[in-house]
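Listed below are the residues making up each chain.
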Amino acid sequence: MLKKLLITRPIAAPVLEQANATFAVTVHKGGKLSVVDTARALAQFDAILPTLGDAFKADAFVGEMRCKMIGNFGVGYNHIDTDAAAKAGVIVSNTPDVLTDATADIALTLLLATARRAGEGERIVRSGKWGGFDGGGILGTHVTGKTLGVVGMGRIGQAIAARCHYGFDMDVVFHNRSPKVVSVPARQLDGLHDVMAVADFVVVATPGGAKTTKMIDEAALAAMKPTGIFVNVSRGEVVDESALIVALENNRIAGAGLDVYEKEPYVPPRLLALDNCVLLPHLGSATQETRQAMAQMALDNIISWADGGDPPQRVN
Ligand code: GLV
């Protein structure tokens, strides 16, 4: 009999076709799963292909357990308690590498759009209030030759550093929780605040989870230059969102480019009201090619488990 696979969001058609040919597939249609939903899914399915927002918290792993494999769609898996999963005998895998370039590209999109005030400019053109070119206008911050500070120098952090160094002649400094040798010319500084203080652009690319929650707090933001621009492409909870809003409201920093939020998809109205930030709806990996590659990698891990192997992107 075919193993039962739950897919919690629509995925690319060719990957879904392969899943249907291999498993008895159910595609969930109702949005993100609560802890009650995930507990039920763990009791009913042999394998699950979930994504960000599906609450696989410790409580979900204490009841009846049919599931043996969670092939997460996404590199970040802070929505899955991997220790509780391991204790319950459930393997978890993720989708690294395939989304590195797309996510680094979104970081650059936000960095440039915030520095050059592209959001404001676009709103003015659409409002019909643009009066034509003049010597003043919407003056932004020059990017080329400035200093980039990366917080979290993993695969995505290094891809951002490479784009900024080779593409924009930027000096790169970084903060990483462990010492890191990297292939891009870049200096690891002693503390997070050293990076926040020296950088013209701070980009956060660290994984989410308990160890990094509110790592960017009021004090870290206060260490930034008043001309500094802050970009987050990791997880909303890495930043104290209220402290960031206060810093932006008081022009303590020049601007922010955000792809992620503390309570997605909720975006605080005070943030929406600010002109000095560019806000995207978690688009980091959102290209057709990347999303298909992520779905394929998640499915390949589940197939590898079903065939009796050790999933190549296993994380627990
Ligand atoms: C997206 O945020 C991911 O973790 O893949």
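Residues numbered from 1 in each chain as written. Predicted model: local features only at pLDDT ≥ 70, side-chain atom pairs only at ≥ 80, totals over all residues. Heavy atoms only, no water.

Peer 1: I keep staring at the domain arrangement of the protein and nothing clicks. Help me out?
Peer 2: When the parts come together, some accessible area is lost, and that loss is often what is quoted as the size of the interface. Domain boundaries assigned for the protein yield domain 1 (4-97 + 288-306) and domain 2 (100-279). Here domain 1 and domain 2 have C-alpha centroids that lie 31 Å from each other. Facing 8 residues of domain 1, the contacting portion of domain 2 comprises 9 residues. Between domain 1 and domain 2 lies a buried interface of about 650 Å² when both sides are counted; carbon and sulfur atoms form 43% of it. If you sort the residues of domain 1 by the area they bury against domain 2, Leu52, Asn78 and Asp97 come out on top, with a joint share of 61%. Applying the counting criterion to the domain 1 and domain 2 interface returns 1 salt bridge. Summed over the shared surface of domain 1 and domain 2, the result is 4 residue pairs in polar contact (both at pLDDT 80 or more). Residue composition of the side of domain 1 that touches domain 2, by class: 3 nonpolar, 3 polar and 2 charged. (Domains from an automatic or database assignment. Contact = heavy atoms within 4.5 Å. Buried area = accessible area lost by both parts, 1.4 Å probe. Salt bridge = Lys/Arg side-chain N within 4 Å of Asp/Glu carboxyl O. Polar contact = N/O pair within 3.5 Å; in protein donor to acceptor, adjacent residues only side chain to side chain. Nonpolar A, V, L, I, M, F, W, Y, C, P; charged D, E, K, R; others polar.)

Peer 1: What is the right way to look at the pairing of strand β1 (residues 4-7) in this model?
Peer 2: A regular strand places its side chains so that they alternate between the two faces of the sheet. The pairing of β1 with strand β2 (residues 24-27) spans 4 bridges and is classified as parallel. Across the sheet, Leu5 pairs through a bridge with Val25, a residue of β2. You can see the chain leave β1, run along helix α1 (residues 13-22) and come back into β2, and the turn it takes is right-handed. The pairing of β1 with strand β3 (residues 47-49) spans 3 bridges and is classified as parallel. Opposite Leu6, over in β3, you have Ile48 as the bridge partner. (Pairing = 2+ DSSP bridges. Helix = DSSP H or I, 4+ residues; strand = E, 2+ residues; numbered from the N terminus. Right-handed = clockwise from strand over helix to strand, strands pointing away.)

Peer 1: Any chance you could explain the pattern of salt bridges here in plain terms?
Peer 2: In total, this model carries 14 salt bridges according to the counting rule given. Linking Arg155 and Asp97 is a salt bridge whose minimum nitrogen-to-oxygen distance equals 3.7 Å. Of this pair, Arg155 sits in helix α6 (residues 155-168) while Asp97 sits in the loop between β5 (91-93) and α4 (100-115), placing them 58 residues apart in sequence. Of the residues examined, Arg155 reaches a relative accessible area of 46% and is grouped as partly exposed. Here Glu262 ties to Lys214 by a salt bridge, and the two come within 3.1 Å at their closest N and O atoms. One end of the pair, Glu262, is in the loop between β11 (255-258) and α10 (269-272); the other, Lys214, is in the loop between β9 (201-204) and α8 (218-222), and 48 residues separate them in sequence. Bridged by salt links that share partners, the residues Asp101, Asp105 and Arg163 form one connected network. (Buried < 20%, exposed > 50% of the residue type's maximum accessible area, 1.4 Å probe, protein only.)

Peer 1: Just checking my understanding: could you explain the packing of aromatic side chains for this structure?
Peer 2: Pairs of aromatic rings are described using the distance from one ring centre to the other and the angle between the two planes. Going through the model one piece at a time under the given rule, you end up with 1 aromatic pair. Ring plane angle 40° and centroid distance 6.3 Å describe the contact between Phe56 and Phe61, whose orientation is recorded as tilted. Neither residue differs from the other here; Phe56 and Phe61 are each classed as buried. The lysine or arginine in question, Lys3, covers the ring of Trp305, its NZ or CZ lying 5.6 Å from the ring centre. (Phe/Tyr/Trp six-rings, centres within 6.5 Å; stacked < 30°, edge-to-face > 60°. Lys NZ or Arg CZ within 6 Å of the ring centre and 35° of its normal.)

Peer 1: Explanation requested: unusual backbone geometry in the structure shown.
Peer 2: In terms of backbone geometry, most residues other than glycine have negative phi values and most peptide bonds are trans. Going from Glu264 to Pro265, the amide bond is cis rather than trans, its omega being 5°. As for its placement among the helices and strands, Pro265 is situated in the loop between β11 and α10. Look at Lys214: it is not a glycine, yet its phi comes out positive at around 55°. Taking the relative accessible area as the measure of exposure, Lys214 reaches 36% and is therefore partly exposed. A positive phi is found at His282, a non-glycine position, where the angle reads about 45°. Counting through the fold element by element, His282 comes out in the loop between β12 (277-279) and α11 (288-306).

Peer 1: Looking at this model, I keep getting lost on the nonpolar core. Mind explaining?
Peer 2: Buried together is how nonpolar side chains tend to be arranged in soluble globular proteins. Judged by nonpolar contacts, the single largest core of 49 residues is most densely connected at Leu5, Leu49, Leu148 and Ile160. The greatest single-element share of this core, amounting to 8 residues, is contributed by α4. Inspection of this core shows a minimum of three residues originating in each of domain 1 (4-97 + 288-306) and domain 2 (100-279). Setting aside chain neighbours within four positions, we find Ile160 in contact with Ala104, Ala107, Leu108, Leu148, Val203, Ala205 and Val233. (Core = buried A, V, L, I, M, F, W, Y, C linked by side-chain atoms within 4.5 Å.)

Peer 1: Would you take a moment to explain the site of the ligand for this structure?
Peer 2: Around the ligand lies a shell formed by Gly74, Val75, Gly76, Leu99, Arg235, His282 and Met294. A distance of 2.8 Å separates an oxygen atom of the ligand from a polar backbone atom of Gly76. One nitrogen or oxygen atom from the side chain of Arg235 is found 2.7 Å from an oxygen atom belonging to the ligand. In the shell around the ligand, the residues fall into 3 nonpolar, 3 polar and 1 charged. (Near = heavy atom within 4 Å.)

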